[in-house]
Amino acid sequence: MPSMAQKSIAAEKCPIASRRGDADVMEVVIVGAGFSGLLCATALCDSGVPLDSIALLEAGSACGGVWRKGGVGDYPGAACDVEAYQYLPLLQRVGFIPSRKYIAQAEIGAYADLFARKLGLLPRIRFNTKVASANFIGDVCESALWEVVTEAGETIRSRHLVMACGPLSTPKFPQ
């Protein structure tokens, strides 16, 4: 069975990739830099996937998804109703102690940014990057590829695509 590095090299030699321009071929593209996306990237790195083969695409200007400043969690007085020690991931690894039992939106958003910085993920996050389309471009190559196109027109290809864009990021109001 070929290693991930061999599969990535195969993907780079794929005729589809060479016909479509100079797009990056990544191992994994993760859409979203909330806790789901950050934890996914961390787990991949912990399992041996090189960090430089992972791209996180975040529509907002900071990590944290609904908890970031300006996100859905930007209500006056918004806080998490789950104890911080249960809700916030990898506290000991990041070296963070929540200020109180139930923490507010600003502290959760700040923790997401700290998490990304302390675990080395920040350089891999492309902020203010919205995905316009994601298409599986087939098993034509030794390594099947996804093609992700951003609203800015950038094309990124990857062997794997993770949708961690948060179904709670767009509020729905009763009609």
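Scroll up a little and you will see the structure.
Here is a short report on the structure shown in this document. Small disclaimer: the values here were computed from a predicted structure and weren't measured.

1. Quick look at the overall build of the chain
Link 1 in the chain: Assigned secondary structure in the chain consists of 6 helices and 6 strands.
Link 2 in the chain: Listing each helix as α and each strand as β along the chain from the N terminus yields α-α-β-α-β-α-α-α-β-β-β-β.
Link 3 in the chain: Excluding contacts between residues fewer than 6 apart, the proportion of contacts in the chain whose partners are at least 24 apart in sequence is 60%.
Link 4 in the chain: Element-wise, carbon and sulfur atoms account for 55% of the exposed surface of the chain, whose accessible area totals about 9700 Å².

2. Here's the deal with the packing of aromatic side chains
Link 1 in the chain: Taken as a whole and assessed by the stated rule, the structure comprises 6 aromatic pairs.
Link 2 in the chain: On the basis of an interplanar angle of 75° and a centroid distance of 6.1 Å, the ring pair of W67 and Y87 is categorised as edge-to-face. Separated by 20 residues along the polypeptide, W67 in the loop between strand 2 (54–57) and helix 4 (84–87) and Y87 in helix 4 bring together distant segments of the chain.
Link 3 in the chain: Residue class for Y87 comes out partly exposed when judged on its relative accessible area of 31%.
Link 4 in the chain: An angle of 65° between the planes, with centres 5.4 Å apart, marks the rings of F136 and W146 as edge-to-face. In this pair, F136 sits in strand 4 (residues 131–136) while W146 sits in strand 5 (residues 146–150), placing the two residues 10 residues apart along the sequence.
Link 5 in the chain: Classification of F136 by relative accessible area gives partly exposed; the value is 46%.
Link 6 in the chain: Taken together through their ring pairs, the aromatic side chains of F35, W67, Y87, F96, Y111 and F115 make up a single cluster.

3. Some points on helix 3 (residues 35–46)
Link 1 in the chain: Under the 1.5 Å per step criterion, the end-to-end length of helix 3 is 16 Å for 12 residues, consistent within 8% with the ideal 16 Å.
Link 2 in the chain: Immediately beyond the C-terminal end of helix 3, within one or two residues, lies G48, with a positive phi of roughly 110°.

4. Some thoughts on helix 6 (residues 105–118)
Link 1 in the chain: Taking 1.5 Å as the rise per residue, helix 6 with 14 residues should run 20 Å; its terminal C-alpha atoms sit 20 Å apart, in good agreement.
Link 2 in the chain: Listed as buried for helix 6 are Q105, E107, I108, G109, Y111, A112, L114, F115 and A116.
Link 3 in the chain: Residues of helix 6 that are buried in the fold lie against helix 3, helix 4, helix 5 (91–94) and strand 3 (125–126).
Link 4 in the chain: Immediately beyond the C-terminal end of helix 6, within one or two residues, lies G120, with a positive phi of roughly 75°.

About the thresholds
- Residues numbered from 1 in each chain as written.
- Predicted model: local features only at pLDDT ≥ 70, side-chain atom pairs only at ≥ 80, totals over all residues.
- Heavy atoms only, no water.
- Helix = DSSP H or I, 4+ residues; strand = E, 2+ residues; numbered from the N terminus.
- Contact = heavy atoms within 4.5 Å.
- Areas by Shrake-Rupley, 256 points an atom, 1.4 Å probe, with all protein chains shown as cover.
- Phe/Tyr/Trp six-rings, centres within 6.5 Å; stacked < 30°, edge-to-face > 60°.
- Buried < 20%, exposed > 50% of the residue type's maximum accessible area, 1.4 Å probe, protein only.
- Expected span 1.5 Å × (residues − 1).

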